[in-house]
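# Summary of structural features
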Amino acid sequence: MAEAWMPGAERLDGGAVRTPPGIGAPRAVWTVTESDPGAWSAREEARRMVDEERTAHLVWNPLTGEVVQTLAATRRSRVALGSTHQYGLHLDHGHEGRVCLVVAAIASREAPFTDGPMLGLAPILAWTDSWGVARTWHAGPPGREGVKAGEAARQWARGGHFGHDQVPGSCAKGPGRLDTARLLATGPPVEGASRAPRTRPEPRRSATT
């Protein structure tokens with residue numbers, strides 16, 4: 001059974017958050033705090049994000065395994081994910097889906113956290129699994145440039161896991177070139193959740209290309 005609060009995670013009050021009803025496939029969005037996981041704890045970064053009114057569901061230190069939850073799964077994150085206009089209507093894509101869970105990893109886009117130990121990841125994925133977020137990454141590895149708006153919208157509609165920069169209308173630069181296959185392969189998926197295909201990550205470009 002899905003639990004609004006992730007078992008084993010430390011809790012921190014994220015304050016009152018408006019929660020509009022959402023429909024469509026469940027999603028999880030991965031972002032980064034652009035800070036050093038060796039210098040900042042998950043609790044410190046969670047407190048900073050709450051104070052800045054950028055509350056995520058989970059704040060995770062992939063070096064220590066520390067996880068702090070500031071919002072129940074049934075609430076909507078205050079992180080600006082992305083928005084577009086369609087037929088004269090403003091669409092906030094963070095308000096779409098039965099759930100849209102935001103995981104903020106203490107890391108920078110220049111040093112992808114999937115290159116490190118990713119301690120504490122298995123319980124996070126078990127929790128997103130329990131909310132029906134399929135272990136698929138339809139948009140391919142994040143960090144690509146020039147993705148067309150129509151393509152991004154089609155991928156988003158299918159649900160699953162996404163990088164912050166892959167949300168339609170997003171202005172985010174992170175989370176960087178994650179190894180999505182390694183990320184989603186951690187721990188067995190719960191019954192009914194699909195595992196991401198083993199795809200080769202795109203090669204990183206050097207600073208001179």
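What counts, and where the lines are drawn
- Residues numbered from 1 in each chain as written.
- Predicted model: local features only at pLDDT ≥ 70, side-chain atom pairs only at ≥ 80, totals over all residues.
- Heavy atoms only, no water.
- Helix = DSSP H or I, 4+ residues; strand = E, 2+ residues; numbered from the N terminus.
- Buried < 20%, exposed > 50% of the residue type's maximum accessible area, 1.4 Å probe, protein only.
- Contact = heavy atoms within 4.5 Å.
- Areas by Shrake-Rupley, 256 points an atom, 1.4 Å probe, with all protein chains shown as cover.
- Pairing = 2+ DSSP bridges.
- Axes fitted to C-alpha atoms, helices over the stretch in contact; angles between N-to-C directions.
- Core = buried A, V, L, I, M, F, W, Y, C linked by side-chain atoms within 4.5 Å.
- Salt bridge = Lys/Arg side-chain N within 4 Å of Asp/Glu carboxyl O.
- Polar contact = N/O pair within 3.5 Å; in protein donor to acceptor, adjacent residues only side chain to side chain.
- Phe/Tyr/Trp six-rings, centres within 6.5 Å; stacked < 30°, edge-to-face > 60°.
- Arc of directions from axis to C-beta.

Further remarks concern the overall build of the protein. Scanning the protein from N- to C-terminus turns up four helices and eight strands. The order of α-helices and β-strands along the protein, N terminus first, is β-β-α-β-β-β-β-β-α-α-β-α. Burial analysis of the protein (209 residues in total) assigns 46% to the buried set. Within the protein, residue pairs in contact and separated by at least 24 positions form 73% of the contacts whose partners lie at least 6 positions apart. Carbon and sulfur atoms form 53% of the exposed surface of the protein, whose accessible area is close to 10300 Å².

It is worth spelling out the sheet that holds strand β1 (residues 10-11) at this point. As summarised here, the arrangement of the six strands in space is β1-β4-β3-β7-β2-β8, forming an open sheet in which the pairing is mixed. Edge positions in the sheet fall to β1 and β8 (160-163), since each has one partner strand and no second. Helix α1 (residues 42-51) rests against β1, β3 (58-60), β4 (67-69) and β7 (100-105) of the sheet, and its axis sits at about 140 degrees to β3.

This next bit is on unusual backbone geometry. Cis geometry marks the peptide bond from Gly-174 to Pro-175, where omega comes out at 15 degrees. Positionally, Pro-175 belongs in the loop between β8 and α4 (180-184). A positive phi is found at Glu-34, a non-glycine position, where the angle reads about 60 degrees. The backbone of Glu-53 shows a phi angle near 60 degrees, a positive value even though the residue is not glycine. Within the element layout of this structure, Glu-53 appears in the loop between α1 and β3.

The subject of this paragraph is the nonpolar core. Counting residues in hydrophobic clusters, the biggest one holds 25 residues, and the most contacted among them are Trp-30, Trp-60, Phe-113, Ile-124 and Leu-183. For this core, the secondary-structure elements that each account for two or more residues are β2 (27-32), β3, β7, α2 (121-130) and α4. Per-element accounting of this core gives the leading share, four residues, to α2. Among the nonpolar cores identified, the runner-up in size contains 18 residues, and Val-29, Ala-139, Trp-156 and Val-167 belong to it.

Attention shifts here to the pattern of salt bridges. The full count for this structure, using the stated rule, is eight salt bridges. The salt bridge involving Asp-51 is made with Arg-47; its shortest N-O contact spans 3.6 Å. Of this pair, Asp-51 and Arg-47 both sit in helix α1, four residues apart, roughly one helical turn. By relative accessible area, which is 36% here, Arg-47 ends up partly exposed. Members of the salt-bridge network, linked through shared partners, are Glu-45, Arg-48, Glu-52 and Arg-54.

What follows is about the side chain of Ser-77. Examined against the element boundaries, Ser-77 turns out to sit in the loop between β4 and β5 (83-86). Using a relative accessible area of 12% as the deciding quantity, one classes Ser-77 as buried. A polar contact of 2.9 Å, which involves the side chain of Ser-77, links it to the backbone nitrogen of Val-79. Residues contacting Ser-77, with those up to four places away along its chain left out, are Thr-55, Ala-56, His-57, Leu-71 and Val-102.

By the definition in use, this model includes four aromatic pairs. In this structure an aromatic cluster arises from ring pairing among Trp-30, Trp-60 and Phe-113.

Right, let's get into α1. Along α1, the residues classified as buried are Ala-42, Glu-45, Ala-46, Met-49 and Val-50. For α1, the angular spread of the buried residues around the axis is 140 degrees, confining them to a single face. On its buried face, α1 is in contact with β3, β4 and β7. After α1 finishes, the residue Glu-53 shows a positive phi value of roughly 60 degrees.

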